[in-house]
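Here's the letter readout for the chains.
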Amino acid sequence: MFFIDTIETEGLGNRSYLVGGARTASVVDPPRDVDRVLAAAAVRGVRISHVMETHVHNDYVTGGPDLARLTGATYLVPAGARVAFARTPVADGDTITVDEGVALRAMATPGHTPHHTSYVLEEHGLVAAVFTGGSLLIGSVGRPDLVEPRLTEQLARAQHASAHRLAAELPDETPVLPTHGFGSFCSSSRSEGDATTIGKEKAGNDALVKDVDSFVAVLLAGLEDVPAYYARMGPINSAGPSPVDLTAPPVATAADIAERLAAGEWVVDLRNRIAFAEGHVAGSFNFEADGKIATYLAWMIPSGKPVTLLAESPAQLAAAQRELVRVGIDRPAAAATGTPGDWIPEGHTPRSFPRATFADLAAQDPGPGVVLDVRRDSERATGWIEGSVHIPIHHLHRRLAEVPAGTVWVHCAGGMRAGIAASLLDAVGRDVVAVDDSFAAATDAGLPLTTGS
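Conventions we followed
- Residues numbered from 1 in each chain as written.
- Predicted model: local features only at pLDDT ≥ 70, side-chain atom pairs only at ≥ 80, totals over all residues.
- Heavy atoms only, no water.
- Helix = DSSP H or I, 4+ residues; strand = E, 2+ residues; numbered from the N terminus.
- Rg over C-alpha atoms; globule rule 2.2 N^0.38 Å.
- Buried < 20%, exposed > 50% of the residue type's maximum accessible area, 1.4 Å probe, protein only.
- Contact = heavy atoms within 4.5 Å.
- Areas by Shrake-Rupley, 256 points an atom, 1.4 Å probe, with all protein chains shown as cover.
- Lys, Arg positive; Asp, Glu negative; His and termini not counted.
- Charge placed at Lys NZ, Arg CZ, Asp CG, Glu CD.
- Pairing = 2+ DSSP bridges.
- Right-handed = clockwise from strand over helix to strand, strands pointing away.
- Salt bridge = Lys/Arg side-chain N within 4 Å of Asp/Glu carboxyl O.
- Axes fitted to C-alpha atoms, helices over the stretch in contact; angles between N-to-C directions.
- Parallel < 35°, antiparallel > 145°, perpendicular 65-115°, else oblique.
- Left-handed = near helix turned anticlockwise from the far one by under 90°.
- Nonpolar A, V, L, I, M, F, W, Y, C, P; charged D, E, K, R; others polar.
- Arc of directions from axis to C-beta.

Engineer: I'd like a description of the overall build of the protein chain, backed by residues and values.
Structural biologist: From N to C terminus, the protein chain includes 17 helices and 22 strands. Taking 453 residues into account, the globule formula puts the C-alpha radius of gyration at 22 Å, and the protein chain, at 24 Å, falls close to it. Taking the principal axes of its C-alpha atoms as reference, the protein chain extends roughly 70 × 55 × 35 Å. Burial status across the protein chain gives 54% buried among its 453 residues. In the protein chain, once contacts between residues fewer than 6 apart in sequence are set aside, the share between residues at least 24 apart is 69%. A total of about 17800 Å² of accessible surface is found on the protein chain, and carbon and sulfur atoms cover 52% of it. With 36 positive and 54 negative side-chain charges, the protein chain shows a spacing of 4 Å between the two charge centroids.

Following this line, the structure appears as C-alpha cells:
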C-alpha cells in the first residue's frame, strides 16, 4: 500500500511530496530546507531512493541536490532542463520504481516551462494520483511567462495541450497534487480549495473548458507582476544550489545596528506591525515574520544587499531565517533578539507612527493629506478611494519620491502590506498613518470609491 505525505511551504504557497511504500520512498519537488523531508521519512521508517523535480523552479531554491547528497538517492530532473550538475535525466514514459508495486511514470507536460514533467503514481499498474508540479493546478495552471518573454504565448498554448493530455489519459477520480497554486505567484490566477481531481478540473478549469485561443487570451490578460527575485531562482537552481545553512547569524549590538543603517544596509524588524508602529529603530523596515516575509522581502530588497534581522525571540528569528533561505537569502549579515530598547544606542529614542481604520480616515476634516494605495493592479481595478495615489508595494521602495507631500495615510487590502509601506515611508522621515483595516470597511466608512469608468 502506498502513502503520500504533503510537506507544506505555506509562505510561498507550495507543496512538496513524500510518496512511498513499506520500505522506500521518493520525493517530488523538495523544499530547500530538507530537514523537514528527512524528518517525514524518519517518521515513516522509509529510505529515500529517488528525488525528482517536475521542472527547474523559478519561485524557490530547490533542496534537490542537497537531499540527494544526504540520502544517496538518485536525482531525477527532466531531460530537457539545462542544468550544470550531475543528475539522471527523466523523459516522457520513463517509469521509476518507488517500492514493491508502487511506481511513478513520467508524463511530459510542457507549459509552465518547456521541459515540465508530471509524475503519475501507479499501484500495481492502476493510476492512484498525479503530481502535476506547475502544470495543472487547482482551478488554474502555472503561469507561462517565467522563462522567456518570447516563449510566453507558445508556453501558454502548451499548457492548454498538457492539461488536455492529463484529462484524456487519467481517470476522472485521479487526485491532482500540484506543487504550486496555494497562494504561489507561480499560479496564473487565484484559486480556492486545497484538493481536486481530474474530473473536477474537467468541469471548471479554464484550460479544460475553453478552446485554446480563448484560454490563451484570458490567461495572458490576467498575468500580474512577477516577483523580482524570481529572476534569480532559475539560475540558482540550474547551477545547483549549495547546501542550506541554518546556523544562527552573528549577533548585532545596538552600535552594530546603527553602523549598518548608516552604511545603507537593510535592517528588518520581524515583529508584528502593531508592535513596530508603537516603537522601532529609526530607519528599520517592518516585514512581519507571520506575513509573507519570504515573498515580499525577497521581492523588494536589492540583490546582494546585506540584511540584519531583529526578532522578539530566537524562535522567531530561526523561523524567518528558514523562510528566507527558501528564496536565496542564505545568510543574514547579523541578527538581534529582544525589544527596541536592546537595539537602540543609549540616549536615542524609538520611532513610532499611528495606526488607524478606514473610519478614522473618513473622519478627517478637511480630509487627509495623501491617501496611498499599495495594492496590486488587479486589486485596485475592483475599486479605489477617489483621489488616492497608487503605487504597488513591490514598487514603493524605488518610488518613494513620487509620494506627494503631506501626511501619508497608507492602506492595502488588509493591513500587512500597509505596515511594510508605512515602515518604508517612516524610514525616510515621512509623516505616515498605517491604515490597519480590511478594504471592505472603506465602503462602510462612507469613503467615496470609484472604478474609473
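Engineer: Explain the pairing of strand 5 (residues 74-78) to me, using residue names and the numbers behind them.
Structural biologist: Across the 5 residues that make up strand 5, a large majority, 4, are buried. Relative to strand 5, strand 4 (residues 47-52) runs parallel, the two sharing 3 bridges. The partner of His50 across the bridge, within strand 5, is Thr74. Each parallel crossover has a hand, and for strand 4 linked through helix 2 (residues 64-71) to strand 5 it is right-handed. By the bridge criterion, 3 bridges tie strand 5 to strand 6 (residues 88-90) in an arrangement that is parallel. Directly across from Val77, in strand 6, lies its bridge partner Pro89.

Engineer: Account for the pattern of salt bridges, naming residues and giving values.
Structural biologist: A full pass over the atoms with the stated rule returns 31 salt bridges. Between Glu122 and Arg105 there is a salt bridge, and its shortest N-O distance comes to 2.9 Å. Residue Glu122 is found in strand 9 (residues 117-123), and its partner Arg105 is found in strand 8 (residues 102-108); the two are separated by 17 residues along the sequence. The class for Glu122 is buried, based on a relative accessible area of 15%.

Engineer: Tell me about the packing of helix 10 (residues 293-300) against helix 11 (residues 314-325), residues and numbers included.
Structural biologist: With their axes 9 Å apart at the nearest point, helix 10 and helix 11 run at an angle of 60° to one another. On the basis of their axis angle, the class for helix 10 and helix 11 is oblique. The element helix 10 and its partner helix 11 pack so that their crossing is right-handed. Residues Ile293, Ala294 and Leu297 of helix 10 lie in contact with helix 11, whose contacting residues are Ala320, Glu323 and Leu324. Classifying every residue of the contact of helix 10 with helix 11 by side-chain character gives 5 nonpolar, no polar and 1 charged.

Engineer: Go over unusual backbone geometry, please, and point to the residues and values.
Structural biologist: The phi angle at Asp29 is positive, at roughly 55°, despite the residue not being glycine. By the secondary structure assignment, Asp29 is in the loop between strand 3 (24-28) and helix 1 (35-44). The backbone of His124 shows a phi angle near 50°, a positive value even though the residue is not glycine. Tracing the chain through its elements places His124 in the loop between strand 9 and strand 10 (126-133).

Engineer: Describe helix 1, naming the residues involved and giving the relevant values.
Structural biologist: When we look at burial in helix 1, the residues that qualify are Val37, Ala40 and Ala41. On an axial view of helix 1, the arc spanned by its buried residues comes to 100°, and they lie on one face. With respect to the buried face of helix 1, the exposed residues turned more than 90 degrees away are Ala42 and Val43. Next to the buried residues of helix 1 lie strand 1 (3-9), strand 2 (14-20), strand 3, strand 4 and helix 2. At the C-terminal side of helix 1, Gly45 shows a positive phi close to 70°.

Engineer: Kindly report on the side chain of Glu123, identifying the contributing residues and their values.
Structural biologist: Structurally, Glu123 can be placed in strand 9. In this structure Glu123 is buried but unpaired, with Arg44 as the nearest side chain of opposite charge at 11 Å. When residues no more than four places from it in sequence are discounted, the contact partners of Glu123 are Met1, Phe2 and Gly101.

Engineer: Requested: an account of the sheet that holds strand 20 (residues 408-411), with residues and values cited.
Structural biologist: The strand order across the open sheet built from 5 strands is 16-21-20-17-19, with neighbouring strands paired in parallel fashion. In the strand order of this sheet, the two ends are held by strand 16 (355-356) and strand 19 (389-390), each with one partner. Note: strand 17 (residues 370-373) against strand 19, 2 bridges, orientation parallel. Residue Asp373 lies in a different strand from strand 19, and its bridge partner there is His390. Along the sheet, helix 16 (residues 416-427) makes contact with strand 17, strand 20 and strand 21 (432-435), crossing strand 21 at roughly 175°.

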